[in-house]
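Below are the chains, spelled out letter by letter.
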Amino acid sequence: MGHGAGGMGHGAEGMGSRGAGEEKLLILELCPMPNAQCPMPNTQYLLAISSPKFKLSNPKLSMNSVWFDLPLAADITSLGKFNPLAIAFFFLFVVSSLGITYWAAKLTKNTAQFYTAGGKISGFQNGLALAGDFMSAASFLGIAGLVALNGFDGLIYSIGFLVGWPIVMFLIAEPLRNLGKYTFADVVAFRLQQKPVRIASAIGTLVVISFYLIAQMVGAGELIKLLFGFDYELAVVIVGCVMMAYVIFGGMIATTWVQIIKAILLLGGTVLLAILVLARFGFNPIALFAAASQKYTGVLAPGKLVSDPFDAISLGMSLMFGTAGLPHILMRFYTVPDAKAARLSVTYATAIIGVFYLLTFILGFGAMVLVGQDAIKQIGTGGNMAAPMLAEFLGGDAFLGFIAAVSFATILAVVAGLTLSGAAALSHDLWVNVVRSGHADESEQLKVARGATMLLGLVAIFLGILFKGQNVAYMVGLAFAIAASANFPALLLSMLWRRFTTNGAVASMLVGTVSSLVLIYLSPTIQVTILKHASAPFPLKNPGLISIPLAFIVAIVVSLLSTEQQAQEKFAEVEDRIHIGSGM
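Calculation criteria
- Residues numbered from 1 in each chain as written.
- Predicted model: local features only at pLDDT ≥ 70, side-chain atom pairs only at ≥ 80, totals over all residues.
- Heavy atoms only, no water.
- Helix = DSSP H or I, 4+ residues; strand = E, 2+ residues; numbered from the N terminus.
- Buried < 20%, exposed > 50% of the residue type's maximum accessible area, 1.4 Å probe, protein only.
- Contact = heavy atoms within 4.5 Å.
- Areas by Shrake-Rupley, 256 points an atom, 1.4 Å probe, with all protein chains shown as cover.
- Salt bridge = Lys/Arg side-chain N within 4 Å of Asp/Glu carboxyl O.
- Axes fitted to C-alpha atoms, helices over the stretch in contact; angles between N-to-C directions.
- Parallel < 35°, antiparallel > 145°, perpendicular 65-115°, else oblique.
- Left-handed = near helix turned anticlockwise from the far one by under 90°.
- Nonpolar A, V, L, I, M, F, W, Y, C, P; charged D, E, K, R; others polar.
- pLDDT = per-residue confidence, 0-100.
- Phe/Tyr/Trp six-rings, centres within 6.5 Å; stacked < 30°, edge-to-face > 60°.
- Lys NZ or Arg CZ within 6 Å of the ring centre and 35° of its normal.
- Polar contact = N/O pair within 3.5 Å; in protein donor to acceptor, adjacent residues only side chain to side chain.

J.: I tried to follow the overall build of the protein on my own but got confused; where do I start?
T.: Summing up its helical and strand segments, the protein has 23 helices and 2 strands in all. Counting all 584 residues of the protein, 60% fall into the buried class. Residue pairs in contact within the protein that sit at least 24 positions apart in sequence constitute 83% of those at least 6 positions apart. Just so you have it, the protein exposes about 21,200 Å², and 67% of that area is on carbon and sulfur atoms.

Rendered as structure tokens:
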């Protein structure tokens, strides 16, 4: 422990005589040197300290030093080296997913099956797939890492990702299913002019997908590097190629079933990992948080990650409204047969996601206490490998292999969903409805969709290599900000406001996209952290507080400047279809 041979002799007084009602706090102590009291080096010994009435027999030994010397980086020995068990789990998942792709390829004969699985996915199945789409690398790897390195503030991301789902349930899911066919642009363009709206929506969609892809590919690269010891760049290329294979051949059917399997595995792995963490602390989360605050000061107080209240509001707005603007999430509502199934799928997804996000908080603090921040940072500066490191610490190579395989499944499935929605924007919105004015046969549409998938796969690989070392939860937070600014205002107003015009929709989507991108570039993250400038022109790390209201204001002002008779006349049909699904 840094206290020499007396490490084990500096226990707590009264260990065998705890008074009634006193809480037992378990502390792991590491003995670095062999001696009479500590016969095995690097062995974790269990000290029981009665809390709150405990006394340390050595006045030099403080609680901070006890917690500070918990497991060191040296304990984590298998990471980044050849790990047969981990690799076996990894290949088991890859082979299984390719088997699903082979089966799905036989069923994928037209564009409806490629984009939306023919609308034959049940509400429960789609709920699992929605949860699988949403529980991304940012959720499992990124949030656990943010909490492990920053403490309480990581909860902002957990809660922010979750609270967007009621908006999706009550405002988006049913109207989207009743009005659209393949993409959310179908809804925005339903009563407006097709070409300008689809061009603007495709631009916003592709920017959101690009930022989201960065997070997934960075997480994937670090994970494969962790498992195989490959170079990060090679790991990113491998992930991109596997993803392209099953999106191109299996389409939405393969993507949906991989999402379902991945959601079950991820939730099961997270529950098991959380149980193992809590078991170290008598199944008392309070003891876990107390241990964290003793080991690292200030981790239970807000302000370590987001200190500016305006930044906190901006981040919260982006995470909350961004959910309702994510193209790959919105696209899932076309895979169910009707609006009732769409609502049901959101109910299931919200319940699953809620449980999952609460558990990621436990994993983050567990990694902080049991693995240690220094060890986590040695593997990656973004903290993305905190959860796999925690799995190895608690369950050895076998559990690391399982969690790493599940993490890879998470990334692969989300990247597939993102790529599919991007391909839909390129082929359905741009090629079919803009270039070909709606006159393209099934064969041509499928070829364009698969070509778009390959293009997006290459973009994903490039972005993953370019943004090496970034925290994936933060990167997804930026994607949510762009989605909330570019897509959500136009989508909402097209369904609810009669006076909304084509010019208003286009202006809103373009201003939302451009303003959020410009403010991200001018933010401290880019200017100070990456470009190493002394200060940043824009003080907030997340642009949502400015870009979201701006997109709404532009949409309203531009729409009021002119009248679009056809859009107003068709609004009655929009209202009918939103509420009763007429014509479906």
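J.: Can you walk me through the pattern of salt bridges in this structure?
T.: Where charged atoms from two side chains of opposite charge approach closely, those side chains can pair. Within the structure shown, the criterion is met by 6 salt bridges. Two residues, Arg332 and Asp133, come together in a salt bridge whose shortest N-O distance is 3.8 Å. Placement of the pair is Arg332 in the loop between α12 (327-330) and α13 (339-371) and Asp133 in helix α4 (residues 123-134), with a sequence separation of 199 residues. Comparing Arg332 with Asp133, the two get one shared label, buried. The shortest N-O distance in the salt bridge between Arg436 and Glu444 comes to 3.0 Å. When its relative accessible area of 35% is taken as the criterion, Arg436 is described as partly exposed.

J.: Even after reading the chapter, I still don't get the packing of helix α8 (residues 194-228) against helix α19 (residues 502-521), so can you show me in this structure?
T.: The axes of two packed helices give the description: the angle between them and the distance between them. In the contact formed by α8 and α19, the axes pass within 8 Å of each other and the chain directions differ by 25°. Comparing their axes, α19 and α8 come out roughly parallel. Classified by chirality, the crossing of α19 by α8 is left-handed. On α19, the residues that touch Pro196, Val197, Ala200, Ser201, Ile203, Gly204, Val207 and Phe211 of α8 are Thr502, Ala505, Val506, Met509, Leu510, Thr513, Leu517 and Ile520. Its residues placed into classes, the contact of α8 with α19 shows 12 nonpolar, 4 polar and no charged.

J.: Would you explain the confidence of the model for the protein in this entry?
T.: Should the pLDDT be low somewhere, the predicted coordinates at that spot are not to be read in detail. Residues with a pLDDT of 70 or more make up 84% of the protein, whose mean pLDDT is 78. Across the protein, the element-wise mean pLDDT spans from 36 in helix α1 (residues 63-68) up to 95 in helix α21 (residues 544-561). Considering only residues more than four positions removed or in separate chains, one finds that residues 1-77, a stretch of pLDDT under 50, has 131 contacts.

J.: It is not clear to me how the packing of aromatic side chains should be interpreted in this structure. Could you clarify?
T.: Each aromatic ring pair is characterised by the separation of its centres together with the angle its planes make. Per the counting criterion, the structure on display carries 14 aromatic pairs. Note on Phe124 and Tyr348: the rings are 5.0 Å apart at their centroids and 80° apart in plane angle, and the pair reads as edge-to-face. In this pair, Phe124 sits in helix α4 while Tyr348 sits in helix α13, placing the two residues 224 residues apart along the sequence. Each ring, one from Phe321 and one from Phe488, has its centre 5.3 Å from the other, and the planes form 20°; the classification is stacked. Here the residue Phe321 occupies a position in helix α11 (residues 309-322), and Phe488 occupies one in helix α18 (residues 488-496), the gap between them amounting to 167 residues. Judged by relative accessible area, which is 3%, Phe488 ranks as buried. The structure contains a cluster of three or more aromatic residues connected by ring pairs, namely Phe134, Trp165, Tyr212, Phe356, Tyr357 and Phe480. Lying across the ring of Phe190, Lys570 places its NZ or CZ 4.9 Å from the centre.

J.: Honestly, unusual backbone geometry in this entry has me stumped. Any pointers?
T.: Backbone geometry follows two general trends: most residues other than glycine have a negative phi, and most peptide bonds adopt the trans configuration. One non-glycine residue, Phe283, lies in positive phi territory at about 55°. Inspection of the secondary structure puts Phe283 in the loop between α9 (232-279) and α10 (285-295). Phe283 gets classed as exposed once you look at its relative accessible area, which sits at 53%.

J.: Mind showing me how you'd approach α10 here?
T.: Count 3.6 residues to each turn of an α-helix, and residues three or four apart come out pointing the same way. Here α10 has its buried residues at Ala287, Leu288, Phe289, Ala291, Ala292 and Lys295. Residue Asn284 occupies the N-cap position of α10, its side-chain oxygen lying 3.0 Å from the main-chain nitrogen of Ile286.

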